[in-house]
Amino acid sequence: MVALALVLAGATAARAQSAADQGPQKGGTEVQVWTGVGHSASGGASSTSVWNAGLRYGFILTNVHGPGFLRGRFEYAVDAVPMYLIFQPSGTVYGVGVNPFALKWLFDTSSRVAPYFDLGGGVLFTSSKVPAGVSRVNFASGPAVGVNVGHGKAHWSVEVRLLHISDAGLTNDNPGINVIQVRAGLGWFHPKE
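Residues numbered from 1 in each chain as written. Predicted model: local features only at pLDDT ≥ 70, side-chain atom pairs only at ≥ 80, totals over all residues. Heavy atoms only, no water.

(A) Representation of the side chain of Asp167. Turning to its location among the elements, Asp167 is positioned in the loop between strand S7 (154-166) and strand S8 (177-190). No salt bridge is formed by the buried Asp167; the nearest opposite charge belongs to Lys129, separated by 9.3 Å. Residues contacting Asp167, with those up to four places away along its chain left out, are Val134, Ser135, Val137, Asn138, Phe139 and Asn174. (Helix = DSSP H or I, 4+ residues; strand = E, 2+ residues; numbered from the N terminus. Buried < 20%, exposed > 50% of the residue type's maximum accessible area, 1.4 Å probe, protein only. Lys, Arg positive; Asp, Glu negative; His and termini not counted. Salt bridge = Lys/Arg side-chain N within 4 Å of Asp/Glu carboxyl O. Contact = heavy atoms within 4.5 Å.)

(B) Region of interest: the pattern of salt bridges. Going through the model one piece at a time under the given rule, you end up with 9 salt bridges. A salt bridge links Asp108 to Arg71; its shortest N-O distance comes to 3.8 Å. One end of the pair, Asp108, is in the loop between strand S4 (91-107) and strand S5 (113-126); the other, Arg71, is in the loop between strand S2 (49-60) and strand S3 (72-88), with 37 residues separating them in the sequence. Judged by relative accessible area, which is 35%, Arg71 ranks as partly exposed.

(C) Structural detail: unusual backbone geometry. Looking along the chain, the bond that leaves Val130 and enters Pro131 is cis, with omega of -20°. Even without a glycine there, the phi angle at Ser47 is positive, about 55°. If you trace the backbone, Ser47 turns up in the loop between strand S1 (29-40) and S2. Residue classification places Ser47 among the partly exposed residues on the basis of a relative accessible area of 47%. Backbone geometry at Ala168 places phi at a positive 55°, although glycine is not the residue there.

(D) Quick look at the side chain of Thr126. With respect to the helices and strands, Thr126 occurs in strand S5. At 2.7 Å, the side chain of Thr126 forms a polar contact with the backbone oxygen of Ser128. The residues contacting Thr126, other than those within four sequence positions of it, are Ile86, Val93, Tyr94, Gly95, Ser135 and Arg136. (Polar contact = N/O pair within 3.5 Å; in protein donor to acceptor, adjacent residues only side chain to side chain.)

(E) Local environment of the environment of Asp108. Residue classification places Asp108 among the partly exposed residues on the basis of a relative accessible area of 32%. Sequence separation of Asp108 and His65 is 43 residues, and the distance between their C-alpha atoms is 8.8 Å. A polar contact is formed between the side chain of Asp108 and the side chain of Arg73, at a distance of 3.4 Å.

Here you go:
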């Protein structure tokens, strides 16, 4: 009976270690498909909603480090965003974007839920001017807080993002759009080979 208990305990520990080894590691990568939706907030053009979907490819740059509850890993990522739908009072606008930088701090936890902080941005090209009458070329940037949920290689993520869309002063009239967005994704960590 004791031998059976030791074998089960060993198998559980090995499985937990194996799952941990498949999580984020320095030199590893993350691939994620995601989608987000949100509505305009104060400080910019109003009555505007945004839905977008994209693909993220990230690089885990560091091992776990830092003090106490700030302990975590640093990730650099790039987003391809082939689907932007912007619903503004003048009509729906289609767009595509690329975010060449996303800086992500993945907090280290021993649970299935691991919070993170993300800051990123890039360029957005649209079929009509966004906001209406301003520009077809904009920049999309902002911070996010979220959580990864899951063990090992595969994980779900849910985050709240403040998405700011503006042309960064390329035109005289630049009200921009501030969107509070909820974003969800399904991702996979791949260890360094």
